[in-house]
Amino acid sequence: MTAAPSASADESASGTNLPRWPRRPQRLATAVVGDLADRIVAGEYAAGSPLPGEPVLCERFGVSRITIREAVKALEAMRLVEIRQGAGTTVRAREDWNLLDQTVLGAVVAHDDDLGILDEIITLRSQLEGAMASRAATRLDEGHRAGLAGLLAQIDTATDDLDRYLDLDVAFHDVIMSASGSPLSRAIIATLNTQAFGSGPYIGTPTTADRKKSNVEHHAIFTALMAGDGDAASRAMSEHICQSWLRRRPGEQATAQRGKSPRERPGS
Ligand SMILES: [Zn+2]
């Protein structure tokens, strides 16, 4: 909103100009963090290997040591690197990374070549949203009921419009999560969705016919919820999330037609 403060002079000393980058040191650090996180996740810096030293990173990004230190501290908070006194900064093993951090999750999803993380997101969504649908079945108030009915009527008219369908689909699921009174589960799903829906493979290549099938499942979820049947709502929700992924998962269409399950599909 205001011009960059004088601290930017600190950043302009280097000969490496990165004009598209923000000039505020804090935002510069964020940009450096994004770049380094992406390189770590891509395997450019392997687990256990040292991160390049401050002078190298200063030169590469054209920023000050202060900015690099701030960025490395942020990477440490994400559990991507470990800073040890006297031993420098080393890259942590993948199993240590904080995948619920948006920067880490975004980078992991971007490099999810075998769809392993997207499959796991589907597993988690199926389990958590199934449990939330069960709770919601006995907690719906009039606002939730009207909201779900209204959204379903709109989804019925949006199956030939991917963008509109996706927006309405997310809203439909969110009303159910909200009604469940499970704020932590809802926040976890929102975190996962924020990165997943930015991924081309996660959106996949669903056809209008695929969306119509998914919407039949929405109606089954709605019917179970309106009947106050938690078990049926949970089953319908879990099934919907898995089946709809099977229909759009890249390379999985042939498998889906044979009725097989994706890797790590939750029990159903
Ligand atoms: Zn849906």
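Residues numbered from 1 in each chain as written. Predicted model: local features only at pLDDT ≥ 70, side-chain atom pairs only at ≥ 80, totals over all residues.

(A) Structural view of the overall build of the protein. Looking only at helices and strands, the protein features 12 helices and 2 strands. For the protein, the succession of helices and strands along the chain, N to C, is α-α-α-β-β-α-α-α-α-α-α-α-α-α. Residues counted as buried form 35% of the 268 residues belonging to the protein. Taking as baseline every contact in the protein between residues at least 6 positions apart, the subset at least 24 positions apart corresponds to 67%. (Helix = DSSP H or I, 4+ residues; strand = E, 2+ residues; numbered from the N terminus. Buried ≥ 20, exposed ≤ 12 C-beta atoms within 10 Å, placed from the backbone. Contact = placed C-beta atoms within 7 Å.)

(B) Quick peek at helix α8 (residues 183-196). The end-to-end C-alpha distance of α8, which contains 14 residues, comes to 20 Å, matching closely the 20 Å that a straight helix rising 1.5 Å per residue would cover. Taken residue by residue, α8 has R186, I189, L192, Q195 and A196 as its buried positions. Its buried side turned inward, α8 meets α4 (102-110), α5 (116-136), α7 (162-179) and α9 (200-203). (Expected span 1.5 Å × (residues − 1).)

(C) Representation of the pairing of strand β1 (residues 81-84) in the model. Where β1 and strand β2 (residues 88-91) come together, 4 bridges link them in antiparallel fashion. Bridging from a neighbouring strand, V81 pairs with V91 of β2. Hairpin connection from β1 to β2: 3 residues lie between these consecutive antiparallel strands, with G86 at a positive phi of about 80°. (Pairing = 2+ DSSP bridges.)

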